[in-house]
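# Examination of the molecular architecture
Chain residues, written in single-letter form:
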Amino acid sequence: MAYWLFKTEPDEFSIDDLQALGETPEPWDGIRNYQARNLLRDAVAEGDEVFIYHSSCKHIGVAGTATVVRAAYPDPDQFNPAHKYFDAKAAPDNVRWYRVDVVFQRKFQRLVTLADIKAMPGLENMMLLKQGRLSIQPVTPPEWATIITTSETDV
């Protein structure tokens, strides 16, 4: 099992939206960055745990966790000319973009903010702080444990 951080803009899809689905799998789609796509396609696996990270919003940070319940498969939106994620260069025999399915695990009692993460000893090398714009990122087991522990503490 591996750990990941998946970014989302909560105005489009938040931890609350994922929680509202209960055990219904949600496709994690819209990935249109090659490095993120490669991680999603080649490394994210069924059973992996995921931090859901709210970005591009007033309160930025890790809001909760999810579990990957289906490994990478072709994102069908790339083939649909009416969809905003259509890719004219994609074809069923030339898949360019992938998605995974996740299910809600838990919402944190408090958001672990980007400021919190920047201030935590041991997280200096976290990819989030080195490559902040990447929407799919690996998280090491010690990073995971630190953020989980922090999520369970009062501010």
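Each remark here, short or long, concerns the structure printed above.
Residues numbered from 1 in each chain as written. Predicted model: local features only at pLDDT ≥ 70, side-chain atom pairs only at ≥ 80, totals over all residues. Heavy atoms only, no water.

With that out of the way, let us pick up the sheet that holds strand E2 (residues 26–28). Taken together, six strands build an open sheet; the order of strands is E2-E5-E4-E3-E1-E6 and the sheet is mixed. At either margin of the open sheet sits one strand with a lone partner, and together these are E2 and strand E6 (136–139). Averaged over all neighbouring strand pairs, the angle between strand axes comes to 40°, with direction disregarded. As judged from the six bridges shared by strand E1 (residues 3–8) and strand E3 (residues 49–54), these two strands associate in the parallel manner. Across the sheet, the residue bridging to Phe6 is Ile52, located in E3. Where helix H2 (residues 34–42) meets the sheet, it contacts E1, strand E4 (61–74), strand E5 (98–113) and E6, and its direction lies at approximately 105° from that of E5. Running at roughly 45° to E5, helix H5 (residues 141–151) makes contact with E1, E3, E4, E5 and E6 of the sheet. (Pairing = 2+ DSSP bridges. Helix = DSSP H or I, 4+ residues; strand = E, 2+ residues; numbered from the N terminus. Axes fitted to C-alpha atoms, helices over the stretch in contact; angles between N-to-C directions. Contact = heavy atoms within 4.5 Å.)

Glancing now at the nonpolar core. Of all hydrophobic cores here, the largest spans 21 residues; its most connected members are Phe6, Leu18, Trp28, Val44, Val100, Val102 and Ile136. If you list the elements that add at least two residues to this core, you get E1, helix H1 (15–20), H2, E3, E4 and E5. The contact partners of Trp28, leaving out residues within four places of it in the chain, are Phe6, Lys7, Thr8, Phe13, Ile52, Arg99, Val100, Val102 and Ile136. By size, the runner-up hydrophobic cluster in this structure holds 16 residues, among which are Val112, Leu123, Val139 and Ile148. (Core = buried A, V, L, I, M, F, W, Y, C linked by side-chain atoms within 4.5 Å. Buried < 20%, exposed > 50% of the residue type's maximum accessible area, 1.4 Å probe, protein only.)

Another aspect to go through is the packing of aromatic side chains. Throughout the structure, instances matching the rule amount to six aromatic pairs. Plain terms: the ring middles of Tyr3 and Trp144 are 4.5 Å apart, the flat faces sit at 25° to each other, and that makes the pair stacked. With Tyr3 in strand E1 and Trp144 in helix H5, this residue pair connects regions lying 141 residues apart in the sequence. Owing to a relative accessible area of 10%, Trp144 belongs among the buried residues under this scheme. Their ring planes at 85° and their centres at 6.2 Å tell us that Phe13 and Trp28 sit as a pair that is edge-to-face. Within this pair, whereas Phe13 is found in the loop between E1 and H1, its partner Trp28 is found in strand E2, the two being separated by 15 residues in sequence. Trp28 shares its class with Phe13; the two are buried. Through successive ring pairs, a cluster of aromatic residues spans Tyr3, Phe51, Phe108 and Trp144. Over the face of the ring belonging to Trp97 we find Arg37, whose NZ or CZ atom lies 5.7 Å from the ring centre. (Phe/Tyr/Trp six-rings, centres within 6.5 Å; stacked < 30°, edge-to-face > 60°. Lys NZ or Arg CZ within 6 Å of the ring centre and 35° of its normal.)

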